[in-house]
Amino acid sequence: MSVVPAGILSGGALAAEETDRDGAAELGPRARLWPSLAAVYRAQLSRARVARIPLLFVATFQSVGIMILMRGVVDGGGEAQSVVAGASVLVVAFVALNLLAQYFGQLRASGGLDHYATLPVPPAAVVLGAAGAYASFTVPGTVVTAVFGCVLFGLPMAHLWVLVAVIPLAGAALAGLGAALGLLAPRPELATLLGQLGMSAALLLGVLPADRMPEVVRFARDLLPSTYGVEAFARTFGPHPDWAFVLGDLAVCGGVGVVSLAVATWAYRRAAVR
Amino acid sequence: MCAVRGLTKTYPAVRGRRGAPGTPEVRATDDVRLDIRRGEIFGLLGPNGAGKTTLVRQLTGLMRPDSGSVEILGHDIVRHPDRASRILAYLGQESSALDELTVSLAAETTGRLRGLEARQARAERDAVLDELGLTPLAGRPLKKLSGGQRRLACFAAALVGERPLLVLDEPTTAMDPVARRAVWSAVDRRRAEHGTTVLLVTHNVIEAETVLDRVAVLDQGRVIACDTPSGLKEQVAGEVRVDLVWRAEAPLHVPEVAALQDRAVAAGRRWTLRLAPEEARAVVATVTGGAAFAALDDFTLATPSLEDVYLALGGAAQQGLVKA
């Protein structure tokens, strides 16, 4: 039962005056994809100053520490190349996968998504803006790790420029995965757990040399998108890198990135309106 | 401008797990019917859990109702929930999306995402921060601010990018009087200049009485009354509320006091009575003289508030409305 006093219904002030011919008022403008993506990206990047810098240090020190540990086990050559590449991409996995999964998990659980859902912004702008910002956070840590690794293992730095392609493509794949996990997990603790597990997988399967692993683990390694970033990067340390394979690995990263970001966008839509 | 008909939403029952008891099915909004007119401040009043936020989430397109219709400015929000964001600005209870941004960037980004051009968003941001007295805090991140300041910053973000309807869910929670005044004068300016309509969710009785044009009283998901605050209060005009605070125990050896015991709602040392004016006069005469007066710490006599209306209408919750 509801009570609506008669005065309201018979009153002359009913909403007729502000409507047009079709009976519907004009809608406000929609936010366009690129400007709103840029706005989300900028806002997310500014959060780094407040909240993310300590974690970026943790990510870098973790990778540097792992390389120092592996120095005692690995004696240069191909294994050293994959250790350095794996540790560098691990920084991307830590920030883009783990931290982004946590961020979206908490945002969803606390009702923070309502803010975006009540603005006329394309879902892709929110997801891509956040993923892009998190991928950008990884740049300094990844570069520092790669340079330190090259010095530590005596690897050539001539082709480090390939990071320009590795970071965004591995970043897209891992950030898309992180965003999708964070938005799909029913509880924020679960999002955190999945993010951590993903990062642990990137650590174990990416840094440890693959040829010493059993068949099953190697198969799991092939399923993880960060592996292809690691492989692409590792190949460039050789004296004559096979650029076709590097491009192939990077293409896999890019493909996974497109798919996972599309899934994340779908997950955002689903999470925003319940 | 906003018509709600037969809006119903039921939360399914949750089966209990180990250590956590299950909850039965809950009708969060039950056949709600409302009409909000252009340019008015329309309030939803009710205790926590009355279904206010659930109702607002359905009006803003954040939640799909099980049945019923919502029409805002001629647009069907149930069928096209995405249109809500282009008609209204929503201030929710949570600020977690903005917490780590500075006040200035929170307002500007929100304006950009509301479809403003960069220059326009910056200009509106500056105007709104200035209007609300937030300019000195513009460079501080929201989470370093006090609760009331953070709320005001979120309100500022809601105002950037003009909308004909503002939906504000408990906007003045934790605000000091200066900030509250800033909020209501900003709202009044928009009503005067643009005919902006405001839907306000509150459990604060005093605020409801002072700022609302009309109010719908919600209880357990249903609208139990809808009128102007003074119109509602006329329904219980025959009553006066008497609050008696005893020093220690109530002096039940005084026969007149003992006779009141059954009609009083006791909360610690406080007794609250709802009486006809003549009765109230007699009670005051009794307790301000003789043996009862020695036991009396304080008493107040008041005309009815919206809280009394809520209780008189049969509101189930005996507490939950705030008088502050």
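What you see is a predicted model, and the numbers here were worked out from it, not measured in a lab.

**Details of helix H4 (residues 118-131) of chain B**
All names here are of chain B. If you check H4, its first and last C-alpha atoms are 20 Å apart, about what 14 residues at 1.5 Å a residue would give, namely 20 Å. Within H4, the full set of buried residues consists of Ala-121, Glu-124, Arg-125, Val-128 and Leu-129. All buried residues of H4 fall inside an arc of 130° around its axis, so they share one side. In H4, the exposed positions angled more than 90 degrees off the buried face are occupied by Arg-119 and Asp-130. Buried residues in H4 make contact with helix H3 (103-113) and helix H5 (147-159). Looking one or two residues beyond H4, the residue adopting positive phi is Gly-133, at roughly 70°.

**What about the nonpolar core?**
Generally speaking, soluble globular proteins have nonpolar side chains that are buried together. If you look at the biggest cluster of nonpolar residues, it comprises 168 residues, and the most contacted ones within it are Leu100(A), Ala131(A), Tyr134(A) and Ala156(B). Among residues more than four places away in sequence, those in contact with Ala156(B) are Ala107(B), Val128(B), Leu129(B), Leu132(B) and Leu134(B).

**A short note on the UniProt feature "transmembrane region" (unreviewed entry) in chain A**
Per the UniProt entry, the sites bearing "transmembrane region" (unreviewed entry) are residues 51-70, 82-104, 124-153, 160-184, 190-208 and 243-268 of chain A in this numbering. From the first C-alpha to the last, residues 160-184 of chain A spans 36 Å; its make-up is 88% helix and 0% strand.

**Some remarks on the pairing of strand S2 (residues 26-36) of chain B**
Residues and elements named next belong to chain B. Of all 11 residues in S2, 8 are buried, a share of seventy percent or more. As paired strands, strand S1 (residues 2-11) and S2 are joined by 7 bridges and run antiparallel to one another. Looking across to S2, one finds that Leu-7 is bridged to Val-32.

**Re the sheet that holds strand S8 (residues 197-202) of chain B**
All names here are of chain B. Taken in spatial order, the 6 strands line up as S6-S7-S8-S3-S9-S10 in an open sheet, and their pairing is mixed. Among the strands making up the open sheet, the edge pair consists of strand S6 (88-91) and strand S10 (222-227). Direction aside, the axes of adjacent strands within the sheet are offset by 15° on average. As paired elements, strand S7 (residues 165-169) and S8 share 5 bridges and run parallel to each other. Residue pairing across strands places Asp-169 opposite Val-201, the latter belonging to S8. In the packing of helix H1 (residues 52-59) onto the sheet, contacts are made with strand S3 (41-45), S7, S8 and strand S9 (214-219), and the angle to S7 comes to roughly 150°.

**Section: the environment of Thr272(B)**
All names here are of chain B. Following the sequence through the fold, Thr-272 ends up in strand S13 (residues 270-275). With 16 C-beta atoms counted inside 10 Å, the residue Thr-272 sits in the partly exposed group. Along the sequence, Thr-272 and Phe-299 sit 27 residues apart, while their C-alpha atoms lie 9.8 Å from each other. Those residues within four positions of Thr-272 in sequence are excluded, and the remaining contacts are Arg-241, Asp-243, Ala-264 and Val-265.

**A closer look at the UniProt feature "domain: ABC transporter" (unreviewed entry) in chain B**
Per the UniProt record, the feature "domain: ABC transporter" (unreviewed entry) sits at residues 14-245 of chain B. Its end C-alpha atoms 43 Å apart, residues 14-245 of chain B is made of 35% helix and 25% strand.

**Topic: the interface of chain A and chain B**
Each partner contributes residues to the interface: chain A has 41 residues there, and chain B has 44 residues. Residue assignment for the side of chain A that touches chain B shows that the elements contributing at least two residues are helix H2 (33-71), helix H3 (77-110) and helix H4 (113-117) of chain A. With 8 residues, the single largest contributor to the side of chain A that touches chain B is H2(A). Of the residues assigned to the side of chain A that touches chain B, the class counts are 24 nonpolar, 11 polar and 6 charged.

What counts, and at which threshold
- Residues numbered from 1 in each chain as written.
- Chains lettered and ligands numbered in written order.
- Predicted model: local features only at pLDDT ≥ 70, side-chain atom pairs only at ≥ 80, totals over all residues.
- Helix = DSSP H or I, 4+ residues; strand = E, 2+ residues; numbered from the N terminus.
- Expected span 1.5 Å × (residues − 1).
- Buried ≥ 20, exposed ≤ 12 C-beta atoms within 10 Å, placed from the backbone.
- Arc of directions from axis to C-beta.
- Contact = placed C-beta atoms within 7 Å.
- Core = buried A, V, L, I, M, F, W, Y, C linked by C-beta atoms within 7 Å.
- UniProt positions renumbered as here; feature names shortened; annotations may be inferred.
- Pairing = 2+ DSSP bridges.
- Axes fitted to C-alpha atoms, helices over the stretch in contact; angles between N-to-C directions.
- Nonpolar A, V, L, I, M, F, W, Y, C, P; charged D, E, K, R; others polar.

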